[in-house]
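# Structural features, examined
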Amino acid sequence: MTQVDRWMLPDGIEEILPEEAHHIEALRRRVLDLFQRWGYDLIIPSMAEFTDSLLIGLGQDLDLQTFKVTDQLSGRSLGIRADITPQAARIDAHSLRREGINRLCYAGHVLYTRPKSALASRNPLQVGVELFGDDSLEADIEVVSLLLSTLKEADLADLHIDLGHVGIFRALASEAALSTAQEKEFFDLLQAKAMADITRWVDTNLAASPAAPWLKALPKLAGSASVLGEAKDVFANAPSSVRKALDELIILAETLAERYPQAHLYFDLSELRGYHYHTGIVFAAFSAGAGEAIATGGRYDHIGEVFGRARSATGFNANLVALKRLAQPSCDLPQGIFAVHSAHPTQWQAVEALRNQGERVVCGASWQTQPKDYQVCDRILVERDGVFELEDL
């Protein structure tokens, strides 16, 4: 390893330097204050847990994204968290055991074994909320609404959110009596939006099934809220669970349009993000300039079962660093005061008095008479005949 290599970070691992760190931390505080105003209680889970609890309930994808080490004390496998959601579920089901609705929020780094896209970070700063103990549509509406409010709090100019419902595909797959292998094959085709291949696969495997035309139509049902009306016609004779899911999406669309008229809503009935653990409405937020979703979420009922307490749940998480980098330009760094080095015994009291007033005071070294640019000072504290005075720079 060369001397230069010693200072290189691993691919996909990033560090945040002072100016950007200030803005990101300011946004973190604003977002957590927003969550608190909505009634969500802050939790701070650990960075590492036994994999027995950390990787349970959220599917193989999370397992592959999680770094694993051996605990030197117990000899058991530890995982460095790649998602805070299962930790929140464990806290809800085991540590808190509250009755009724439980709202939790968090902010912390996660670590991925691989980036989710070519230029994505492997150690994003994740913020999010989880709402446990309420299986109603109102809970889903609350969580999606809070996501849109979070994007507004982050000063994003455009709010774009994609919405779907995994219950639709689950019901159609059940109606078509798809085997596990067939369901996986068709799932992969849906994710690739391979229209010709989808039609060919359905004709080959489900020619006599009443679900065939519904499965063929599924990937075409994507667009504005008007596509939900089209879907009602297409699935008029589909299982009742499909029609119920569509009704939920229609109510959600109407509510969000009224609450957030500036938001761009896009509905995709073949969107199966998190299909292996989500159970209902799913959603993701996007923004121009980002190559992947900046926030994702949805309903994931029954995750608490693995912790001995079945709980309905819905929530979302967002990449706080991505939110800040996509936001409209914000205010400059707060200006401070540069205190010229002085041996006078009362300088300490003068500096402390300013700090107690909320001022940022940078004390100069004995050889320094002016602040450096990066110290961001617009005033200077000087001593004249034992009196300390502020002057503009």
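A brief report on the enclosed structure follows. All values derive from a computational prediction rather than experimental measurement. (Residues numbered from 1 in each chain as written. Predicted model: local features only at pLDDT ≥ 70, side-chain atom pairs only at ≥ 80, totals over all residues. Heavy atoms only, no water.)

### Comments concerning the packing of aromatic side chains
- Evaluation of the coordinates by the stated rule reveals three aromatic pairs.
- Aromatic ring contacts, followed pair by pair, group Phe-169, Phe-186 and Trp-201 into a single cluster.
- Directly above the aromatic system of Phe-50 lies the positively charged group of Arg-76, at a separation of 3.7 Å from the ring centroid.
- Just above the ring of Tyr-40 sits the side chain of Arg-103; from NZ or CZ to the centre is 5.9 Å. (Phe/Tyr/Trp six-rings, centres within 6.5 Å; stacked < 30°, edge-to-face > 60°. Lys NZ or Arg CZ within 6 Å of the ring centre and 35° of its normal.)

### What to know about the pattern of salt bridges
- On inspection of all chains with the given rule, the structure shows 25 salt bridges.
- The partner of Glu-14 in a salt bridge is Arg-325, with the nearest N and O atoms 3.1 Å apart. Taken as a pair, Glu-14 in the segment before α1 (18-37) and Arg-325 in helix α12 (residues 320-326) lie far apart in primary sequence, 311 residues in all.
- Among the ionic pairs, Arg-103 bridges to Glu-142, the shortest N-O distance being 2.8 Å. (Salt bridge = Lys/Arg side-chain N within 4 Å of Asp/Glu carboxyl O. Helix = DSSP H or I, 4+ residues; strand = E, 2+ residues; numbered from the N terminus.)

### So, the sheet that holds strand β14 (residues 361-363)
- Read from one edge to the other, the open sheet built from four strands follows the order β14-β13-β15-β16, with strand pairing classed as mixed. Each end of this open sheet is capped by a strand with a single partner; those strands are β14 and β16 (387-392). Adjacent strand axes in the sheet meet at a mean angle of 30 degrees when their direction is disregarded.
- Relative to β16, strand β15 (residues 377-384) runs antiparallel, the two being bridged by six bridges. Across the sheet, residue Glu-383 finds its bridge partner in β16, namely Phe-388.
- Against the sheet, helix α13 (residues 347-356) contacts β13 (336-339), β14, β15 and β16, and its axis sits at roughly 150 degrees relative to β14. (Pairing = 2+ DSSP bridges. Axes fitted to C-alpha atoms, helices over the stretch in contact; angles between N-to-C directions. Contact = heavy atoms within 4.5 Å.)

### A closer look at the packing of helix α6 (residues 166-175) against helix α11 (residues 240-259)
- Axis separation between α6 and α11 bottoms out at 9 Å; the angle between their running directions is 170 degrees. When the axes of α6 and α11 are compared, the pair comes out roughly antiparallel. Residue-level inspection shows Ile-168, Ala-171 and Leu-172 of α6 in contact with α11, the latter providing Ser-241, Val-242, Ala-245, Leu-246 and Leu-249.
- For the contact of α6 with α11, the class distribution of residues is seven nonpolar, one polar and no charged. (Parallel < 35°, antiparallel > 145°, perpendicular 65-115°, else oblique. Nonpolar A, V, L, I, M, F, W, Y, C, P; charged D, E, K, R; others polar.)

### Side note on unusual backbone geometry
- The phi dihedral of Arg-97 falls on the positive side, at around 50 degrees, and the residue is not glycine.
- Along the chain, Arg-97 falls in the loop between α4 (85-96) and β5 (102-109).
- When its relative accessible area of 45% is taken as the criterion, Arg-97 is described as partly exposed. (Buried < 20%, exposed > 50% of the residue type's maximum accessible area, 1.4 Å probe, protein only.)

### Considerations on helix α8 (residues 195-205)
- Within the span of α8, buried status applies to Ile-198, Trp-201 and Val-202. In an axial view of α8, the angular spread of the buried residues amounts to 95 degrees, which keeps them on one side of the axis. Of the exposed residues in α8, those oriented more than 90 degrees away from the buried face are Ala-196 and Thr-204.
- If you follow the buried residues of α8, they end up packed against α7 (180-192) and α9 (212-217). (Arc of directions from axis to C-beta.)

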